[in-house]
Amino acid sequence: FWSSYGGVPPDARAERVERRRRRGRHAPRAGFAGISLQKLFAGRKVVLFALPGAFTGVCEKGHVPSFAKLVSDFEAKGVDEVACISINDPYCMNGWAKAMGTAGISFYADADESFTRAVSETRDCTADALGPGVRSNRYACVVEDGVVGACFVEAGPGDLTVSDGATLLEAL
């Protein structure tokens, strides 16, 4: 598993869902900016939490709020960015980010599942009523200058016992 202490996340791309105005013929499609996740982590301290899907119960009512209320505490510990990633398309993640109304969290869409597959955190959620199809396990970690530090992975998609914001903040 990539998140063992000292591990380095593999490179993959994700779409940051903050809409950007399109300019010129080389503008990102539909205004979403793709980013290499290794570039996101390089020279920075990033709190990354992953969840099975936007607009789902535990994700919306528990996981995201547990980080949103602690953004300033993470910043006080030297965190440059609090980032949420999920296997959803960027339109869905953008709509969800707006609906959540959170400040201080960046939302990333892993639409092609490349990051989630690269870190071996895929889960078939068909039986969990989150499918059909592949989703991400629920986890939270700190990546500092490209190296994984504390990381907590939940046993099931509906669990929120070790990957919440308070647990990760305490580990810092």
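Conventions we followed
- Residues numbered from 1 in each chain as written.
- Predicted model: local features only at pLDDT ≥ 70, side-chain atom pairs only at ≥ 80, totals over all residues.
- Heavy atoms only, no water.
- Helix = DSSP H or I, 4+ residues; strand = E, 2+ residues; numbered from the N terminus.
- Expected span 1.5 Å × (residues − 1).
- Buried < 20%, exposed > 50% of the residue type's maximum accessible area, 1.4 Å probe, protein only.
- Arc of directions from axis to C-beta.
- Polar contact = N/O pair within 3.5 Å; in protein donor to acceptor, adjacent residues only side chain to side chain.
- Contact = heavy atoms within 4.5 Å.
- Pairing = 2+ DSSP bridges.
- Salt bridge = Lys/Arg side-chain N within 4 Å of Asp/Glu carboxyl O.

## Here's the deal with helix α2 (residues 57-68)
Here is step 1: The end-to-end C-alpha distance of α2, which contains 12 residues, comes to 16 Å, matching closely the 16 Å that a straight helix rising 1.5 Å per residue would cover.
Here is step 2: Among the residues making up α2, those that are buried are C59, H63, V64, S66 and F67. Projected down its long axis, α2 carries its buried residues within an arc of 150 degrees, all on one side.

## Digging into the side chain of S66
Here is step 1: Its place among the elements puts S66 in helix α2.
Here is step 2: Within the local environment of S66, its side chain forms a polar contact with the backbone oxygen of H63, the two atoms lying 2.7 Å apart.
Here is step 3: Among the polar contacts listed, one links the side chain of S66 to the backbone nitrogen of G165, at a separation of 3.0 Å.
Here is step 4: Every residue in contact with S66, bar those within four places of it in the chain, is listed here: D164, G165 and A166.

## Let's talk about the pairing of strand β8 (residues 139-144)
Here is step 1: Burial analysis of β8 places five of its six residues in the buried class, the great majority of the element.
Here is step 2: Where β8 hands over to strand β9 (residues 147-153), the hairpin turn is made up of two residues, of which D145 adopts a positive phi near 50 degrees.

## Comments concerning the pattern of salt bridges
Here is step 1: Going through the model one piece at a time under the given rule, you end up with one salt bridge.
Here is step 2: A salt bridge links R44 to E81, with the shortest nitrogen-to-oxygen separation between them at 2.9 Å. Separated by 37 residues along the polypeptide, R44 in the loop between α1 (37-41) and β3 (45-51) and E81 in strand β4 (residues 81-86) bring together distant segments of the chain.

## As for the environment of G165
Here is step 1: Within the element layout of this structure, G165 appears in helix α6 (residues 165-171).
Here is step 2: With 99 residues separating them in the primary sequence, G165 and S66 have C-alpha atoms 4.9 Å apart.
Here is step 3: Every residue in contact with G165, bar those within four places of it in the chain, is listed here: S66, F67, L70 and F74.

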